[in-house]
Amino acid sequence: MPPLTAQTVVTRRLVITAGGTGPSPAADNDLVAAALRAFGRAPAQLPPRTLVFIATSEPAPGLAPTQGDIPVRTTDSSNRALALAHHELTAKTADFVLIAALGEPSPGAVTVYAVRRAAEAVAEGDSIVGVPEPETEPGAEPVLRPLRHGARATAAVLDRGAERLLLWSGQDERDEQRVRSELRPLIEGLPAEAYLALPTAVPCGHAPGPVRAAVAASTADAPQAVAAAKAATLSRPRPVALLFPGQGSQHAAMAAGLYRREPVFTAAVDAVLDLMGEDGPAIRADWLSRATVRPAIDIDDVRRAQPLLFAVDFALGSMILSWGVRPAALLGHSAGELVAATLAGVVTLPDAVTMVRERVRHAVEIPAGGMLAVAASEERLRPYLLGEVAIAAVNANQQTMLAGPAAQLAFVESRLRADELTVVPVPATSPFHSPAMAPASAAVELAYAAGIRLHEPALPLYSGYTGELLGAEDALSPRFWARQITDTVYFKQALESLLATDDMLLIEAGPRQTLTAFARRHRAVRLGASAAIPLLPARPGPPEADRRSVLNAAARLWTEGHDLDQSALTRLWTWTDEPAPSPALVVS
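Note that the coordinates shown come from a computational prediction; the quantities given were computed from them, not determined experimentally.

Q: It is not clear to me how the overall build of the protein should be interpreted in this structure. Could you clarify?
A: Across its full length, the protein holds 21 helices and 23 strands. Here the C-alpha atoms of the protein give a radius of gyration of 26 Å, agreeing with the 25 Å that 2.2 N^0.38 yields for 588 residues. For the protein, the spread of C-alpha atoms along the principal axes amounts to about 85 × 65 × 55 Å. Within the protein, the fraction of its 588 residues that count as buried is 53%. The contacts of the protein with a sequence gap of at least 6 include a subset with a gap of at least 24, amounting to 74%. Working note: accessible area of the protein is about 24,700 Å², and carbon and sulfur atoms make up 53% of it. Placing the 52 positive and 62 negative side-chain charges of the protein at their respective mean positions leaves the two points 5 Å apart.

Okay, here's the thing in structure tokens:
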């Protein structure tokens with residue numbers, strides 16, 4: 001089975017039947033427009049690196065070389081076009097390819113194929129038609145085989161005591177108790193593999209009721225956990241808002257327990273790292289290295305922290321979306337705002353990765369600096385500022401961050417400690433959100449303006465740089481995205497604006513639980529009108545801790561009243577792309 005990052009897939013296949021006896025679409029150059037209309041996409045909505053191939057055995061002298069800004073090329077067969085599309089996608093010279101095959105499957109018809117990189121398609125939830133087979137006969141109609149990505153986990157791969165979700169519901173409290181009483185004897189004494197194969201939610205075949213309960217437990221613990229679980233009755237599930245943390249929340253092997261054990265998370269991380277080019281394999285190796293192996297570059301170095309935070313945050317957000325959750329809002333902190341913008345459709349994934357790489361490339365040219373978390377208000381800290389030390393972030397009441405060059409920041413830290421203020425260094429080697437980053441910001445703005453296509457958000461996106469809902473003017477401005485390197489993050493104000501719209505279920509899609517802690521200080525959360533839950537553990541731990549934390553978050557979504565894609569949830573404890581150990585190595 002080839003790696004997902006080495007494959008391209010057809011994500012849609014449509015047959016357009018030509019009407020009437022007029023000229024063919026190719027002759028009057030309408031074919032590309034017809035293909036785009038069939039997909040419901042305007043040229044401006046496509047990735048900037050989009051190509052169109054016209055597959056025809058007949059000359060098409062009236063076909064223009066471009067449709068708008070989209071290059072148009074011709075080939076003699078759809079198989080040849082699929083081969084060229086694969087080359088363009090794997091070489092990163094294109095991000096999306098449309099192929100229009102004239103006369104296929106019959107004269108007068110046109111078959112249109114949409115082709116993408118497999119990892120990106122899986123990560124973004126595209127419906128995948130199949131993987132193109134290599135051409136076997138000239139002119140033969142393309143054969144699309146199923147995409148094989150991972151497999152069902154075997155007992156040799158599954159952890160001992162592996163946990164899974166059990167979800168159940170009832171139409172009222174008595175009905176929930178009935179379902180629970182029927183579930184308990186069903187799970188008692190089950191072997192691990194049989195337990196993991198049980199349906200995700202009971203009763204099966206019924207719409208979920210308003211009284212719900214859930215547990216994440218191993219087969220040994222399940223009967224007791226089901227008996228002790230508390231049921232919840234909710235009339236209206238609170239809308240979900242996703243929070244994405246930034247620099248400072250990273251740690252070694254963050255979320256690595258999900259890699260190769262959850263398909264969408266795995267595909268999303270692979271897609272991001274694949275787009276990192278030659279740096280991708282080294283970043284992955286450092287991320288997955290164990291404590292006994294010293295990484296080539298430390299996790300707190302901007303060359304590791306920023307790419308990995310983007311990959312992990314994006315992968316966690318993609319995983320939640322794959323459960324059928326449709327967020328009512330997105331809010332990112334610092335580098336997390338770019339993740340939120342990607343999921344909101346402001347920027348494509350390839351362009352977002354380019355933006356991350358540009359930030360890193362220019363940040364490493366800035367002299368070393370750092371960041372401090374201080375238990376004080378912004379007003380209290382202003383008298384301590386000197387030189388290029390600045391307010392980096394205002395996160396909550398009495399939760400402020402400072403940033404600046406190393407020597408200046410060390411002097412400010414000594415003054416703060418002398419005045420008995422609580423100061424905690426933030427894991428960072430660059431002075432983000434301070435004037436020291438101005439040269440990097442200017443260079444990044446030029447790069448963004450030259451090659452990044454920006455769009456208005458398709459989902460409500462709250463910005464930590466304005467403290468409000470992101471408007472079209474800022475979303476479309478390269479300057480806005482570049483100045484995030486130097487500007488203060490007003491997370492407190494952005495969260496205030498978000499929670500003023502409705503009672504929310506806030507989910508932190510990132511490592512540690514920093515934003516969850518900030519959110520729990522908000523009055524709306526303290527009073528229980530809104531709630532904040534993390535996806536990952538507060539501290540680094542073993543791989544199973546990552547999986548357990550994600551299961552608990554999914555359980556909370558269920559008991560909140562959100563109807564989740566049960567087949568997607570099931571993959572959390574049944575899917576793997578880890579090879580099964582040799583039988584000789586399996587310990588009974």
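Q: Honestly, unusual backbone geometry in this entry has me stumped. Any pointers?
A: In terms of backbone geometry, most residues other than glycine have negative phi values and most peptide bonds are trans. Omega for the peptide link from E104 to P105 comes to 5°, which places this bond in the cis form. Mapping P105 onto the fold places it in the loop between β5 (96-102) and β6 (109-117). With an omega dihedral of 0°, the bond running from V202 to P203 counts as a cis peptide bond. Note on placement: P203 falls in the loop between β11 (201-202) and β12 (211-217).

Q: How should I be thinking about the packing of aromatic side chains in this particular structure?
A: Taken as a whole and judged by the stated rule, the model has five aromatic pairs. Look at F310 and F314: their rings are 6.1 Å apart centre to centre, the planes differ by 5°, and that puts the pair in the stacked class. Of this pair, F310 and F314 both sit in helix α9 (residues 302-322), four residues apart, roughly one helical turn. Residue classification places F310 among the buried residues on the basis of a relative accessible area of 3%. Centre to centre, the rings of F480 and W481 are 5.1 Å apart; their planes meet at 85°, and the pair counts as edge-to-face. Here F480 matches W481 in class, with each residue buried.

Q: Honestly, the nonpolar core in this entry has me stumped. Any pointers?
A: The nonpolar side chains of a soluble globular protein tend to be buried, and buried together. W168, F265, F310, W323, L506 and L535 are the most contacted members of the largest nonpolar core, which totals 139 residues. The element that contributes the greatest number of residues to this core is α9, accounting for eleven residues. If sequence neighbours within four positions are ignored, L506 has contacts with A241, L243, L495, L498, L499, A519, V525, A531, A532 and I533.

Q: What is the right way to look at helix α20 (residues 543-560) in this model?
A: An α-helical turn contains 3.6 residues, so a residue and the one three or four places further along point in the same direction. Here α20 spans 27 Å end to end across 18 residues, near enough to the 26 Å set by a 1.5 Å rise per residue. Counting buried positions along α20 yields 13 of 18 residues, so the element is predominantly enclosed.

Q: For this particular structure, what's the right way to read the pattern of salt bridges?
A: It is possible for side chains bearing opposite charge to pair when their charged atoms get close. Applying the stated rule across the entire model yields 29 salt bridges. Across the pair R49 and D351 runs a salt bridge, and its minimum N-O distance is 2.9 Å. Here D351 lies in helix α11 (residues 349-363) and R49 lies in the loop between α1 (31-38) and β2 (50-55), a separation of 302 residues in the sequence. Of the residues examined, D351 reaches a relative accessible area of 0% and is grouped as buried. Note that R212 is salt-bridged to D563, the shortest N-O span being 2.5 Å. In this pair, R212 sits in strand β12 while D563 sits in the loop between α20 and α21 (566-574), placing the two residues 351 residues apart along the sequence.

The rules behind the values
Residues numbered from 1 in each chain as written. Predicted model: local features only at pLDDT ≥ 70, side-chain atom pairs only at ≥ 80, totals over all residues. Heavy atoms only, no water. Helix = DSSP H or I, 4+ residues; strand = E, 2+ residues; numbered from the N terminus. Rg over C-alpha atoms; globule rule 2.2 N^0.38 Å. Buried < 20%, exposed > 50% of the residue type's maximum accessible area, 1.4 Å probe, protein only. Contact = heavy atoms within 4.5 Å. Areas by Shrake-Rupley, 256 points an atom, 1.4 Å probe, with all protein chains shown as cover. Lys, Arg positive; Asp, Glu negative; His and termini not counted. Charge placed at Lys NZ, Arg CZ, Asp CG, Glu CD. Phe/Tyr/Trp six-rings, centres within 6.5 Å; stacked < 30°, edge-to-face > 60°. Core = buried A, V, L, I, M, F, W, Y, C linked by side-chain atoms within 4.5 Å. Expected span 1.5 Å × (residues − 1). Salt bridge = Lys/Arg side-chain N within 4 Å of Asp/Glu carboxyl O.

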